[in-house]
Each structure stands twice: as C-alpha cells, then as structure tokens.
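# Descriptive structure summary
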Amino acid sequence: MGSLGDLHPMMALGLELRRRGHSVVINTWQGYSEKIIENGLEFAPLRPNLDPTDTELIRKTMDARTGPEMVIREIILPSIRDMYDDMLAAVDGADVFLNGEIVYTAASIAEKTGVKWITTSLSPLCMFSSHDPNVYPQATWLEYLRPLPAVFHHELFRVMRWTVSSWYEPYKTLRRDLGLDPDHDPIFTDKFSPLRHLAMFSEAIGKPQPDWPAETIQPGFCFYDESETLELQPELTAFLDDGEPPIVFTLGSAAVMDARDFFDESARAAKLLGRRAVLLYGKDNDPPKGLDENIVGFEFAPYSLVFPQAACVVHQAGVGTTGQVLLAGVPHLIVPFSHDQPDNAARCRRTGVAEILNRHNYNAESAAKALSAILADEKYRANALPLKRIIDSENGTKTACDAIEDILR
C-alpha cells in the first residue's frame, strides 16, 4: 500500500527473487498492475482499491497534520475485511509472504494460514525506537527532545499507542470474526513478524537499536527505479552533458500531486542564483513558469541517472527519493510534507548532508538563500561521500533476498 516509494522496494525484491528462480506475486493497488506486469511479475489486486493518480486524494493524505490519521482511519481500517479477503487469495499456495506498512491484515493471514511471514519497514520512523526517537509531521519540535533519555521516549510512545488504540475497532471486529485475539496492535507493538523483519533502509540514516525486534535484519535500501526500463530523454542527456552540474528539483511520486507553486518558485530560485536547473515536475502538472535554455523541465526522469550529475537535489524526503540522493553522494535541500518525510529530513540534516526548509516558507528567495549556503560549503558534499560508500557496501536487495531465502529453507 502506498506511493511508488512503497512499491519500488518490493519490486526490487521481486525482480531479484525472480532472477533466482522464484515465482513472485505483488499484491497491491490495481493502478500499479501495468507497471508490475511490464516488469515480468505477477499481479494480484489489494483493496481498498485507491487510484494512485487521484490528485485530490493524494493531496489530502500529504497534509502534515491530518494526512496520517486520514490514511489509517478513513482509508485502511474501514476496508480491513476487503483487504483480508484479497490478501488471503493472493497468498494461496505461497511458501512465504512479505508485507509493507499499513497492510494491517498480515498477522491475521499468517495466523489463519500458517504461511511463513516476513515483515518490512522502509524508514527508521517505522521501527518506533525509544533509543533513536523520531520526528513526526504533527510535532516536528520533537527533534529538540532527542537528547532526553530513552525512558522519556518510551513513555511518549506509550501515550501515542494509547491515543491511536481508539481507532482499532474495525480491526478488532475482524479479528473476533476470524476467531483470533482482538487484543492486537497492528501499528506499533504487534506488527513485527516473530520469524523475520527486514529493516530496508541504510545505516547511513538509521543504525540498529537495542529495542528493535530480535528477528530484525537490516539489509539497507532496496533500489528499483525506472532506469530498469527507461532511458533518459535525449534532450535531458544533452543538457546534463553541456555545462556545470545543475540543481535538481523533485517532489517524488506523491507530494508532486500537491506541488502548488513549488516548481515555479524553484525556477525563480535558480534564476536568482544564476544556476542551471532540472525540474522534474510530474506528469499531472503543467510545465513550470520560467523555463529557458538553462532551466529545463521534464515530467519525469529515472533518479539514478540524474541525481549523480546534480550539484544539489531539492526534494520532499520520501524515503525512496532520499535513498537515491544518498546513493548519488550529493547535497540535499529538503522540503518535507508528511508521514516519514520530516523524520527522514531531520536524519539527513544530522549527518551534515542537508538543510531543511519548511514547506509553507518555501519560495524563490528562501530557496535561493538556502541553496547558496549549501553550494558554497564543500562540507555538504564531503559529508555525503561516506554515506554513499555505506549504501554501496550494503548491497541491500541482494542481502534482503538472501534473508528471504534463509526463511524459505
């Protein structure tokens, strides 16, 4: 469930497992079926059947204050029975299944079917560690409380769990109907498989913690992007090859649907700086104002082919985009929206590779000021290179698939 940042790591695993001779089914939204089938993987539909191109819906889910609660209470939990039925059909005959975040029926499926079960987390926020506390979109001020003892953050999580537990009645009803214990927490304490959990993010942004589940393996990022099937547009290739490294502006696959004036202001910022720029503005948006021979715009380009050639990447800190920028070894300016993005942004800033601009304060002048400071200080690029080396050494997809095959054996 989720954006391309949620889907792509699973596709990376699926493609590698297929190369190793396994049969792979991806169980997700109908809107992703074409992409999955084109890559030679099997597809099975998973409700609630949301349209990942529904701009108005995505805009609401990306709201920092109300988006996370809306996803859980208004989209996922009311459809929990449909999700269970679709997932039950998808795992029929399977030797093992993996689930991502917010697929809350996974534990129930494992209990009812006995199929081996592996859980995954794509970002440090989803591990809910008291020893490595997070920054949440509704409370970015929590960054200033990180130095407090782990016991403080443990109690904070306890309050969070108590608050969210009032949302669980549809989930509890499903569990009762299935003859399973309804006293079960699918978001915090009971979401981890007792068999294997894969923390599919790099140690570059989150190291193993003593309160992670004992069954956790941290393979690192599992990368897939459209470079598997697409090449750069000839015009973009020519632009990248002809001049100084540009600033690249992007908002990933979800936040881009609520871009507002981000790309217009970004083009103005590049002009104020006198810098070349590439704006990846999304297929559902109009081309930004202010494009010229030095500031070019494209609906999309594979990140792995563009980011390594950038002077700096301005992005929203979705974990997929963040991983690609870290892999490229270049500085970041981050404009987080919601969900795990404020936490990913804070982690990048703490490593010394990035600065953060509040979404509501982002304009040409503020962006130009922040970018000028980043581009003038070599420490950002110098700090990025060791993180790139960490990610290169992890070989996340191979390591994760090795762990999956261990469970199969």
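Structure report, in brief. (Residues numbered from 1 in each chain as written. Predicted model: local features only at pLDDT ≥ 70, side-chain atom pairs only at ≥ 80, totals over all residues. Heavy atoms only, no water.)

## Digging into the pairing of strand 7 (residues 247–250)
- On strand 7, burial covers both faces: Ile-247 and Phe-249 on one face and Val-248 and Thr-250 on the other are all buried.
- Across four bridges, strand 7 lies against strand 8 (residues 277–280) in parallel orientation. Counterpart to Val-248 in the pairing with strand 8 is Val-278.
- For the handedness criterion, the β-α-β arrangement of strand 7, helix 10 (residues 262–273) and strand 8 is classed as right-handed.
- In terms of strand pairing, strand 7 meets strand 10 (residues 312–315) through three bridges, oriented parallel. Across the sheet, Val-248 pairs through a bridge with Val-313, a residue of strand 10. (Buried < 20%, exposed > 50% of the residue type's maximum accessible area, 1.4 Å probe, protein only. Helix = DSSP H or I, 4+ residues; strand = E, 2+ residues; numbered from the N terminus. Pairing = 2+ DSSP bridges. Right-handed = clockwise from strand over helix to strand, strands pointing away.)

## A few points about the pairing of strand 3 (residues 96–99)
- Where strand 3 meets strand 4 (residues 116–121), four bridges bridge the pair, whose relative direction is parallel. Of the residues in strand 4, the one forming a bridge with Leu-98 is Ile-118.
- With helix 6 (residues 106–113) bridging strand 3 and its parallel neighbour strand 4, the resulting β-α-β unit is right-handed.

## Things to note about the sheet that holds strand 3
- Read from one edge to the other, the open sheet built from four strands follows the order 3-4-5-6, with strand pairing classed as parallel. Two strands lie at the open edges of the sheet, namely strand 3 and strand 6 (216–217), each paired on one side alone.

## Observations concerning the environment of His-154
- By the secondary structure assignment, His-154 is in helix 7 (residues 150–164).
- Considered as a pair, His-154 and Asp-6 are 148 residues apart in the sequence and their alpha carbons are 27 Å apart.

## Comments concerning the pattern of salt bridges
- Applying the stated rule across the entire model yields 27 salt bridges.
- Note that Arg-347 and Asp-132 form a salt bridge whose closest N and O atoms lie 2.8 Å from each other. Within this pair, whereas Arg-347 is found in helix 13 (residues 341–350), its partner Asp-132 is found in the loop between strand 4 and helix 7, the two being separated by 215 residues in sequence.
- The class for Asp-132 is buried, based on a relative accessible area of 9%. (Salt bridge = Lys/Arg side-chain N within 4 Å of Asp/Glu carboxyl O.)

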